[in-house]
Amino acid sequence: MLPSRMTLSELKIGEKGVIADVVGSDGIAARLLEMGLLPGETIEVIGRAPMGDPTEYSVVGYRISLRKVESARVQVDKAS
Amino acid sequence: MKHTPATVALIGNPNTGKSSLFNALCGSKARVGNYPGVTVEHKTGRMIPLAQSELTYPDRNACTEPGDHLPKLEATRSTTQPSNGENHVSNANESREIDIVDLPGTYSLAARSADEAVSVDVLSGNMPGVRRPDAVVVIVDATNIERNLYLFSQVIELGLPTILVLNMWDRVEPSGITVDIPNLSRGLGVPIVSTCASKRSGIDQLRREIYRAVGTTASLLPEPSSSVEVKPAGPIPSEVACDGFPEAFRTEAESLANWLRSVGVTVDPFQVQRLLIDDAAGLSHRVIPQAVTKSFTERLTAAKNRLTDAGVSGPLFETRARYGWIKKKTSGLINRSVTPVKSNSDWIDRWLTHRWFGLLFFVAVMFLVFQSITLVASWPMAWIDEAQNWLGATVEGFLAPGPLRSLLVDGVIAGVGSVIIFLPQIAILFLFIAILEDCGYMSRAAFVMDKFMFSIGMSGKSFLPLMSSFACAIPGIMATRTIDNRKDRMVTLLVAPLMSCSARLPVYVLMVSAFVPDLRYAGSWLSLQGCVLFAMQSLGALVAIPVAWLLKRFCFRGETSTFIMELSSYKWPSWRVIVARVWERILSFISRAGTLIFITSVLVWAAAYFPMSHATVDKSLTELEALRLAPESNSETIAQLEDSINRERSRLIEGSYLGIAGHTLEPIVKPLGWDGRIGIAVLASFPAREVIIATLGTIYALGGEASEEHDGLKSQMRAATWPDGTPVFTLATAISIMVFFALCAQCVSTLMTIRRETNSWRWPIFSFVYMTTLAYLGAMLTYHLVKLWL
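Below you will find a few notes about this structure.

**Side note on the packing of aromatic side chains**
Residue and element names in this part refer to chain B. Counted according to the given criterion, the structure contains 21 aromatic pairs over all chains. An angle of 25° between the planes, with centres 6.4 Å apart, marks the rings of F152 and W325 as stacked. Here the residue F152 occupies a position in helix α6 (residues 145-155), and W325 occupies one in helix α13 (residues 316-330), the gap between them amounting to 173 residues. Take F152: its relative accessible area is 0%, and that puts it in the buried class.

This is the structure:
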């Protein structure tokens, strides 16, 4: 079965995905890439803030917080 | 032999312990200022030299961590430091003084923000007034080396001798990580030092490496015995990350650099590449001279178009090349245990960001902070107040009444007092901020509140500064430093003075208790006075929401607010870091904002004192003081004399420059339902809002010691009339005054703190104008509404 392509913001808590692409070429995309959200890296959803946004992720060995607008820029292949 | 001090830049990602390392290297004596034209702080310190004993003996205290005795660490020391060079280095350089320049915490040198632009400019020698550093120390979080090396990969391309510091080394082993430092050092071509800056370990080792790095550029040393250990200055070393950039990009960068050279412009190769990748934060304006701007822009655009056609565009190729380089350099050298050690941090996070418990904990922490800056701070503030009164009384005992005494007591001592009075709140707030930041909760607090704050135009990090502003805007504005996004920081800083600070409360209490009828509703549980007081306290915060929206929409357009934030692991805070930070904030407030606050206080004193002759009042005062000393004196005579002094003082203030200005302003303040005397009181309260009560007391001939609970003042105010006999103070006037004070910028200290924090006069002037306009319109509107309604 092919992995399903979705945005990072659609992953649920505890789920993992492999980053496929970071959309756009503006400052946000560049910062996401600089922070290590590179295609090929595995990212895991750790938890959400009490009001549902932002979300804490684990990537390249550290924890990062992203708002929904930012995580929607990241395309992932959900890992089973 | 003495030399000019060498400069060494310190750079690293946020949360890597950079400021503890700076303090460990330099002690607490740092010179803090601002880079020209930007809000970015400039911090320089003189490195404490190695102790004489440390120069000749190996570093005994390098790492006092549990893992210290392990061979792995021993290997670190011996390989990064060839034993044969050591004594020589020390002897050659022990007299050379070294300045450490602390650069802003940043993730990249892409120069998209002011912080990054400053770092690039300093490192490449383009910062006016700052010499190009002789060496760079890159500090990284040892538990997260790979991501931290991204910045390192950029720094190393600038061609300066570089030292890599693996900080928080004590956490490496418990996290199940092993690092092969000798081979990593060889592979990266730079010396590596492992430190625990907060515990001051590994620092002497780093000092030695710094001496060595600086020595090589100053040509004090013969060639180092092992060329792998110390990277020579000058051309970019053979194997750096940008070698992995696509061929097409490198060709374009080279031809652009050649063209620049042909027109006589020298630009660092790193910056040429940056111009080609993303000409952000006005980099080209800073490095390209005006004369060739036009032809340069044409060339740059053409080159970028060719690159897009070749499929090399966007930020991906750079990050991919850099992380590829990092992977290659670290492969096999940094290992994480296959089953990750279950981190305590994640467990704590599950609770502290939990849907209900997380919110509850957040509220509890904020409540504690707020209580401390209001209640706990009120004790030292009362002592300061007492000390000020005692000092004033002492001076009065020595000096006869006259201009000098008035200048000293009402100008200088009161002026100094108005600076020092803020210190308890600043110290307590920054104590909490330092603890919360150092233990890692600060970023979680922002995480918890972000959605709510974002919906009203700010970020989660705006919450604490705004909440603190309910106690006092000064520490609140200073706390906006914790907001790294410039747009969010500026919006927060500009609305912070709207929060109802504790200085407004006395004004509200006076007006409410004198003019709002004491009506009770709901079985006397709900009092009208209480409701009005609450409405006034909330007014500023409510007005701040549309103001924030407007500021974001019109003043800071085009800057995106992001919340791409690292959530570093929880740890025990280090008292050294905390003490240093609180101390730094206190000093910076006194030395920078303090002087301006003091000067304004003295100027306003002068405006209220001159040009009237104080001879009569001085004479009466001398008499009064003599009478008070005499035990048999008649209390009635004293009361009469006091009365005449108060009347005379009231006449003097009305005739002073301030009084004249107040009367001139009468037509302007009349639409607010105010007379000239209220105008004078409002003008006199420009240094601080609560001064209005003392001024009203003086104007109504009750003496300057009137308080908000003073019944005499209340009845005098109720008795005040317009020339036609109608009372000046009605409910409408009282509410108009309160609304004005809720929204106005009547606080010199706040304005001066804004000036200091933004490093420009533009923003304090902007704040004053927008808040005064808002206050004026708000007061006029409520005055007429209340009048209509009643």
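**Points about the sheet that holds strand β1 (residues 5-7) of chain A**
Taking strand neighbours across the sheet as the criterion, the seven strands line up as β1(A)-β6(A)-β2(A)-β3(A)-β4(A)-β5(A)-β12(B) in an open arrangement whose pairing is antiparallel. Unpaired on one side and paired on the other, β1 of chain A together with β12 (565-566) of chain B mark the two borders of the sheet. As paired strands, strand β2 (residues 16-22) of chain A and strand β6 (residues 74-78) of chain A are joined by five bridges and run antiparallel to one another. Paired with A:V22 across the bridge in β6(A) is A:V74.

**Some thoughts on the nonpolar core**
All names here are of chain B. V495, M511, F589 and F729 are the most contacted members of the largest nonpolar core, which totals 113 residues. A total of eleven residues in this core trace back to one element, the largest contributor, which is helix α17 (residues 423-439). With 93 residues, the next largest nonpolar core counts A111, V136, A142 and V272 among its residues.

**Considerations on the packing of helix α22 (residues 505-515) of chain B against helix α32 (residues 731-743) of chain B**
Residue and element names in this part refer to chain B. Viewed as axis vectors pointing N to C, α22 and α32 meet at an angle of 170°, and their least axial separation amounts to 10 Å. Taken as axis vectors, α22 and α32 run roughly antiparallel relative to one another. For the pair α22 and α32, contact is made by V507, Y508, M511, V512 and F515 and by L731, A734, I737, M738, F741 and A742, respectively. When its residues are assigned to classes, the contact of α22 with α32 shows eleven nonpolar, no polar and no charged.

**A short note on the pairing of strand β4 (residues 98-102) of chain B**
Residue and element names in this part refer to chain B. Most of β4 is tucked away: five of the five residues are buried. Covered by surrounding structure in β4 are I98, I100 and D102 together with D99 and V101, the residues of both alternating faces. One ladder, built from five bridges, connects strand β1 (residues 6-12) with β4; its direction is parallel. Bridge assignment links L10 to a residue of β4, and that residue is D102. Sheet topology places strand β3 (residues 41-46) next to β4; four bridges connect them, and they run antiparallel. Bridge assignment links T44 to a residue of β4, and that residue is V101.

**Some thoughts on the interface of chain A and chain B**
Of the residues lining the interface, 33 residues belong to chain A; the matching set on chain B comes to 38 residues. When the two sides are added together, the surface that chain A and chain B hide from each other amounts to roughly 3,200 Å², 61% of it contributed by carbon and sulfur. By the criterion of area lost to chain B, the three top residues of chain A are A:E34, A:P50 and A:R67, representing 23% of everything that side buries. Notably, a salt bridge pairs B:D450 with A:R67, separated by 2.7 Å at the nearest N-O pair. Across the chain A-chain B interface, the total number found is ten residue pairs in polar contact (both at pLDDT 80 or more). The biggest single contributor to the side of chain A that touches chain B is helix α1 (residues 27-34) of chain A, with eight residues. Looking at the side of chain A that touches chain B residue by residue, the class counts come to 17 nonpolar, seven polar and nine charged. As judged from the two bridges shared by strand β5 (residues 62-66) of chain A and β12(B), these two strands associate in the antiparallel manner. What sits directly across from A:S65, in β12(B), is B:M565.

**Quick look at unusual backbone geometry**
Look at the link from A:D53 to A:P54: it is a cis peptide, with omega at -5°. With respect to the helices and strands, A:P54 occurs in the loop between β3 (42-48) and β4 (55-59). Cis peptide bonds are those with omega within 30 degrees of zero, and the linkage from B:F610 to B:P611 qualifies with 0°. If you trace the backbone, B:P611 turns up in the loop between α24 (575-609) and α25 (615-629). With a phi angle near 60°, B:M168 is a residue other than glycine that sits in the positive phi range.

Scoring rules and cut-offs
Residues numbered from 1 in each chain as written. Chains lettered and ligands numbered in written order. Predicted model: local features only at pLDDT ≥ 70, side-chain atom pairs only at ≥ 80, totals over all residues. Heavy atoms only, no water. Phe/Tyr/Trp six-rings, centres within 6.5 Å; stacked < 30°, edge-to-face > 60°. Helix = DSSP H or I, 4+ residues; strand = E, 2+ residues; numbered from the N terminus. Buried < 20%, exposed > 50% of the residue type's maximum accessible area, 1.4 Å probe, protein only. Pairing = 2+ DSSP bridges. Core = buried A, V, L, I, M, F, W, Y, C linked by side-chain atoms within 4.5 Å. Axes fitted to C-alpha atoms, helices over the stretch in contact; angles between N-to-C directions. Parallel < 35°, antiparallel > 145°, perpendicular 65-115°, else oblique. Contact = heavy atoms within 4.5 Å. Nonpolar A, V, L, I, M, F, W, Y, C, P; charged D, E, K, R; others polar. Buried area = accessible area lost by both parts, 1.4 Å probe. Salt bridge = Lys/Arg side-chain N within 4 Å of Asp/Glu carboxyl O. Polar contact = N/O pair within 3.5 Å; in protein donor to acceptor, adjacent residues only side chain to side chain.

In short, geometric facts, not functional conclusions.
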